[in-house]
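A look at the structure
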Amino acid sequence: MAEYEIVGKRVPRVDALPKVTGEARYAADLTMPGLLHGKILRSPHPHARVLSVDTSRAEKLYGVRAVVTAKDFAGFRYGFMASTRDEPPLAEDQVRFVGEEVAAVAAIDEEIASEAIELIKVEYEPLPAVYDPEEALREGAPQLHQDKPGNISAHVKMNFGDVDAALANAYHVREDRFYSQSVLHGFLEPHAVIARWESAGGITVWASKQSPYFLYRNLASCFRLPLSKVRVIQPYVGGGFGGKNATFALDFCAAMLSKKTGFPVKIVYEAEDILGYGRRRHPMIMELKTGVTRDGLLLGTSCRLIADGGAYTSVGPMTIYLSGAFLSLPYKMPSFRYEAVRAYTNKPVCNAMRGHGSPQIRYAADCQLELIARDLSIDPVEIRRRNVVEAGYVTANKMHVKSCGLKESIDEALKAINWYEVRREINEHNKKSGRVLRGLGIACNGFQSGARLHGHTACSAIVKVHEDGGISLLTGSTDSGQGSETVLAMITAELFGVPLETVEVSKVDSHLTPVDPGSFGSRVTSTAGNAVKIAALKARDKLAVVAAEVLGGEKEEVEFKKESVFLKGRPEKAIPFRKLCHLTYTYGHGQVIVGEGHWSQEIDMPNWETGEGDLAGTYTFGTQVAEVEVDRLTGKIKLNKMVVAHDLGYAINPLACEGQHEGSVFGGLGHCIYEECRVEDGKTLNPSFLDYKMPTAMDMPRVMESIGIETMDQEGVFGAKESAEGTQVSTVPAIVNAIYDATGVMFKELPVTPEKVLKALEGNISEGEG
Amino acid sequence: MHNPRFAFYSPATPRDACAMLSKMQGRAVVVAGGTDMVPRMKQRLVTPEVVVSLDRLRHLNYIEEEDGLLKIGALTPLRELERSEAVRRHFPALSKAARLVAGPVHRAMGTIGGNICLENRCSYYNQSSVWRKSVDPCLKTGGAVCHVAKAGKRCHAVYSADIAPVLLLLEAEVVVAGVSGERVIPLSRFFVDDGLKANGLAADELLTGVRIPVPPVKSAVEYVKMRPRESVDFPVVGTAVMVRENGDGIEVRLAFTGVASCPFMLNAGIFSKPLDRREMIEQVARLAYEKVRPVSKAGGSPSYKKRLARVSAVDGVEACLAVLGNSKGNSTGIQ
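For clarity, every value in this text was computed on a predicted model and none was experimentally measured. (Residues numbered from 1 in each chain as written. Chains lettered and ligands numbered in written order. Predicted model: local features only at pLDDT ≥ 70, side-chain atom pairs only at ≥ 80, totals over all residues. Heavy atoms only, no water.)

**Some remarks on the overall build of chain B**
Of the regular secondary structure elements, chain B holds 11 helices and 14 strands. On C-alpha atoms alone, chain B measures out to a radius of gyration of 20 Å, which is about the 20 Å that the 2.2 N^0.38 rule sets for 335 residues. Oriented by its inertia axes, the alpha-carbon framework of chain B measures out at about 65 × 45 × 35 Å. Burial analysis of chain B (335 residues in total) assigns 56% to the buried set. Counted over contacts in chain B with a minimum sequence separation of 6, partners at least 24 positions apart contribute 63%. Only carbon and sulfur atoms are counted for the fraction: they give 51% of the accessible area of chain B, which is about 14,100 Å². Side chains of chain B carry 46 positive and 33 negative charges; the gap between the two charge centres is 7 Å. (Helix = DSSP H or I, 4+ residues; strand = E, 2+ residues; numbered from the N terminus. Rg over C-alpha atoms; globule rule 2.2 N^0.38 Å. Buried < 20%, exposed > 50% of the residue type's maximum accessible area, 1.4 Å probe, protein only. Contact = heavy atoms within 4.5 Å. Areas by Shrake-Rupley, 256 points an atom, 1.4 Å probe, with all protein chains shown as cover. Lys, Arg positive; Asp, Glu negative; His and termini not counted. Charge placed at Lys NZ, Arg CZ, Asp CG, Glu CD.)

**Some details on the sheet that holds strand 24 (residues 570-576) of chain A**
Residue and element names in this part refer to chain A. Pairing is antiparallel in the open sheet, where 3 strands are placed in the order 22-23-24. At either margin of the open sheet sits one strand with a lone partner, and together these are strand 22 (558-561) and strand 24. Averaged over all adjacent pairs, the angle separating strand axes in this sheet is 35 degrees, with direction ignored. Direction of pairing for strand 22 relative to strand 23 (residues 564-567): antiparallel, over a ladder of 4 bridges. The residue bridging Lys-561 from the neighbouring strand is Ser-564, located in strand 23. Each of strand 22, strand 23 and strand 24 touches helix 16 (residues 577-586); the most contacted strand, strand 24, lies at about 55 degrees to it. (Pairing = 2+ DSSP bridges. Axes fitted to C-alpha atoms, helices over the stretch in contact; angles between N-to-C directions.)

**Remarks on the pattern of salt bridges**
Opposite charge on two side chains lets them pair, provided their charged atoms get close. What the rule picks out here adds up to 65 salt bridges over all chains. Its salt-bridge partner being A:Arg438, residue A:Glu425 comes within 3.6 Å of it at the nearest N-O pair. Of this pair, A:Glu425 sits in helix 13 (residues 419-431) while A:Arg438 sits in strand 18 (residues 436-448), and the two are 13 residues apart along the sequence. Judged by relative accessible area, A:Arg438 falls into the buried class, the value being 15%. Between B:Asp162 and B:Lys225 there is a salt bridge, with its nearest N and O atoms 2.8 Å apart. One end of the pair, B:Asp162, is in the loop between helix 8 (129-132) and helix 9 (163-169); the other, B:Lys225, is in strand 11 (residues 219-226), with 63 residues separating them in the sequence. We note that B:Asp162, like B:Lys225, is buried. Here the salt bridges share partners, and the residues they tie into one network are A:Arg174, A:Asp176, A:Arg374, A:Asp375 and A:Lys748. (Salt bridge = Lys/Arg side-chain N within 4 Å of Asp/Glu carboxyl O.)

**A few points about the interface of chain A and chain B**
Taken together, the 33 residues of chain A in the interface contact 31 residues of chain B. Taken together, both faces of the contact between chain A and chain B bury some 2,800 Å²; the carbon and sulfur share is 50%. Our enumeration of links across chain A and chain B arrives at 5 salt bridges. When the shortest N-O distance is used, the salt bridge between A:Lys636 and B:Glu230 registers 2.8 Å. Across the contact surface, chain A and chain B share 19 residue pairs in polar contact (both at pLDDT 80 or more). Counting residues per element, the ones that place at least two in the side of chain A that touches chain B are helix 3 (110-119), helix 8 (271-277), strand 29 (683-684) and helix 19 (754-762) of chain A. (Buried area = accessible area lost by both parts, 1.4 Å probe. Polar contact = N/O pair within 3.5 Å; in protein donor to acceptor, adjacent residues only side chain to side chain.)

**Section: the domain arrangement of chain A**
Residues and elements named next belong to chain A. Assigned domains of chain A: these are domain 1 (27-127 + 189-238 + 244-277), domain 2 (284-452 + 606-768) and domain 3 (458-599). Its C-alpha centre places domain 1 at a distance of 39 Å from the equivalent point of domain 3. Counting residues at the interface gives 19 residues for domain 1 and 19 residues for domain 3. Summed over both partners, the interface of domain 1 with domain 3 comes to about 1,400 Å²; 52% of that surface belongs to carbon and sulfur atoms. Its largest share of buried area at the contact with domain 3, domain 1 owes to Gln-210, Tyr-213 and Arg-231, together 43% of the area lost on that side. Summed over the shared surface of domain 1 and domain 3, the number is 1 salt bridge. Ionic pairing is found between Arg-231 and Asp-509, a salt bridge with its closest N-O pair at 2.7 Å. Linking domain 1 with domain 3 are 9 residue pairs in polar contact (both at pLDDT 80 or more), by the criterion used here. Within the residue set of the side of domain 1 that touches domain 3, elements represented by two or more residues are helix 6 (212-222) and strand 11 (230-233). Across the side of domain 1 that touches domain 3, the residue classes tally to 10 nonpolar, 6 polar and 3 charged. (Domains from an automatic or database assignment. Nonpolar A, V, L, I, M, F, W, Y, C, P; charged D, E, K, R; others polar.)

**Section: the sheet that holds strand 12 (residues 265-268) of chain A**
Strands in a sheet are paired, the pairing made by backbone hydrogen bonds, and the direction either parallel or antiparallel. All names here are of chain A. Ordered in space as 3-5-1-12-9-10-11, the 7 strands form an open sheet in which the pairing is mixed. Pairing within the sheet leaves two strands with one partner each, and these edge strands are strand 3 (64-69) and strand 11. Taking the axes of each pair of neighbouring strands and ignoring which way they run, one obtains an average angle of 20 degrees across the sheet. Here 4 bridges tie strand 10 (residues 203-207) to strand 11, and the two strands are oriented parallel to one another. Looking across to strand 11, one finds that Thr-204 is bridged to Arg-231. Where helix 6 meets the sheet, its contacts fall on strand 10 and strand 11, and the angle it forms with strand 11 comes to roughly 155 degrees.

**What to know about helix 16 of chain A**
All names here are of chain A. Phe-577, Leu-580, Cys-581, Thr-584 and Tyr-585 are the residues of helix 16 that are buried. Summarising the axial view, the buried residues of helix 16 lie within an arc of 135 degrees, below the 170-degree limit, and thus occupy one face. Exposed side chains of helix 16 directed beyond 90 degrees from the buried face belong to Arg-578 and Lys-579. In the stretch just after helix 16, Gly-588 is the one whose phi turns positive, near 55 degrees. (Arc of directions from axis to C-beta.)

Below you can see the structure in the form of structure tokens.
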């Protein structure tokens, strides 16, 4: 492996200091002359016809500058694909969930805007509502969308190999039903936007987005503007986790209110807007029928899935597509059949969230594998080892595994937790029948390293070297908190042989930075990283030409190291990097040093109809091991240790990877034990960080170990693959399997609350399932 | 969310505060640390004309020992209650209960007086004005129904302050100031069993201090807090246990928070020496399970909370017995 100066080192983040000192400015911090403040009126009904909206009193209130309603948007709908555009910026003649946006006001201050909202009179005619996805799909259920009969928001079918024969010939077949609940992204920075309508025709927006180019496209189509007239400027972003990809009511309304008033308009959501009425992870009901050989080798699985989509479609079709496609990783699954329906319900909209569709299905599939292992008296580790995919494997749905460190990740995870010894200890401990039960669990994952979607999918970068040797990196990708600015800066600095501080990474400004799909599908390091490398090398080439002439050699011989430029093998005769930059600018007629690069996975588009084909250029794999304690008298679970061993190709910044892994433990722990949107008659009862129980630092495991398995992937920049979302895919099943080990009860419904545990432990559980 | 508009009054004495409260006839609120009142104002649960801020009453921030009493000023921050040498020496359970309140930032701002006067809480009530539009008004907001138990006619909002059950067992008294002077009442008579109203303070009264008798007999007190997370959360069940010598026997008393509209005490009885430990534990467990009857589903079902009450009471007794058993000159007959 090559020795690098910067890449591969545990480097603190380039944005750490401004963030911890409070110098970093987020969208809600921004202000500008003439700024108006907007507020949004929401529906108190889960389902109702909107008979009339009377804004006259609000308009007359002192300080109110404009009010907008659905009429202003003239029937505009947005959505993920042309066929799924079912969401208006403001509700038209029907509201479909409690909290749906109905009107918006801009006023000279927030208080007046709030007061004006209260003065808008909306006449509703309540309609019967449906909250349960299974009920929504039944005949006679209240219908949410006229043009979507049966409340079917999306429907995905896949069928690979002969599943019926596989199940018929299997030595053992298991059928289980699992449920993954509604959980929230939990980013701490609320949605916030300032939109300014430009008199010359166009919109400038400052918005908290992890994928600002979705907003760019949505605003262009909503306001019928050429794309180049929409300027999206990205401030610092305080977390996204999939929840800041889309465009929301506040974005459209701020722009419309600015257009109407001629002044910039700012809208900042409250925590309640997000926790009570905002996007969330899809709850899923998953029925799996799986057949194995006597040795526990998987033969096939038949999966029925119902996703609870909420009132609109959002990216839901992709969510349920991914849940199906990833039935085939990380274990060899020679045949599978998948049928998924995403049901409309009168609840807030569900969308992508860290791991997008995978954590739910992996929870079901990996926990079922645990039960299969028990049925066949096979060691849980052994059954996984027998089924793991390896490099060169092609899945039943034609996904190509290029690099794969799954086996190594199992080995390393077991070693880190001292599995077999702890196993013996725990067995001894649990025999004593004390108050505390202990358990050990394992689960594996496979994930896409850089999602490849339809539409524009390449990442691009521009590297500009200043004449004093400073470097500006312009990319369209967003650091929503994951640390990608640092990683991209490291790649650039490494290639120029300069210290990290030399590189400034710009934030997105769609007038200046190259277009980018966004920060989703774990694609920034894996995709933008390659684009940055290409751009940097192009810019470096220009320097190399001048260096070769000055040093009397060939361009190909020029090396860049430690702020020096020299011919290979002759470091004693070197030019300082800064001097070379200056020389290049003044050389001949003078030139600017700019390099441009773009990169995308070179794979065919999948067949969205059949589900066949690659979803990414390469895939990541990993193993997680959890050690838990369960209090038999209270049901309380304590996650004591968690090991994340991830095949990340190559760790460009192991410190950042460790942060990602700990983030996954946090997210998965919350999903597994603590978090749930408690919805009653369409109302979220816990729309605050007090009542929505995200774990606190005190609930995190005492011991967390992060292990990078380096497989030097051919696709990835410096061999790197994703080490982000993939690491949250197996957190839940690892913990649930550990609880199963401790209690003998497999919990098939999330979250595994202490109450459920206690109930299961007190009851007579003949099946060993809860 | 922003605060409603209000006039701000910062009196120099409790008497001035009471005078203003009296003048405003319920249209004023008192703010000490603000950790409970400010969110309530932002959510428009209260829209006072006047906010009476106690920020100038610095002399009410004290902990001192006098005449066999530990006297604590109402404006003593919970953090100081948690850290005070005197509190830790005499009443370690009180220090512990203070340490388990909310998070560190709340404890820095929140006061002992504010914690005792914590308003009763409910999932259907402690919500923003926007959220509350999606439900019919309840008993607490001028309606005729309780969303927690629709059939009943009473409000089931829950009292959740952590320090109250410990103070009840310690037989604390509170000093209440009014326009015409001070009165001292036992804490046990301070609370009212009403979801609508947590305590019997009149609209023009102010809690100014707490007094705890330093116990003459050997006793141990423990506080056990059951909550989903190890920080921030209110108790799902908060149980205080006292075990002390009483004549020839060992007396056990319990007090609970988080399970009803007020904190309450239970006498588990006096157990003769030598102690039948098992009998004592069984009796305590039975009593806690039977007498704790939560209605609210927040934090878990009522039957789950009953179980937690049982476990926490037993845990508390065990902890107290361990303390007494370990103390010098063990005369309790506790092994």
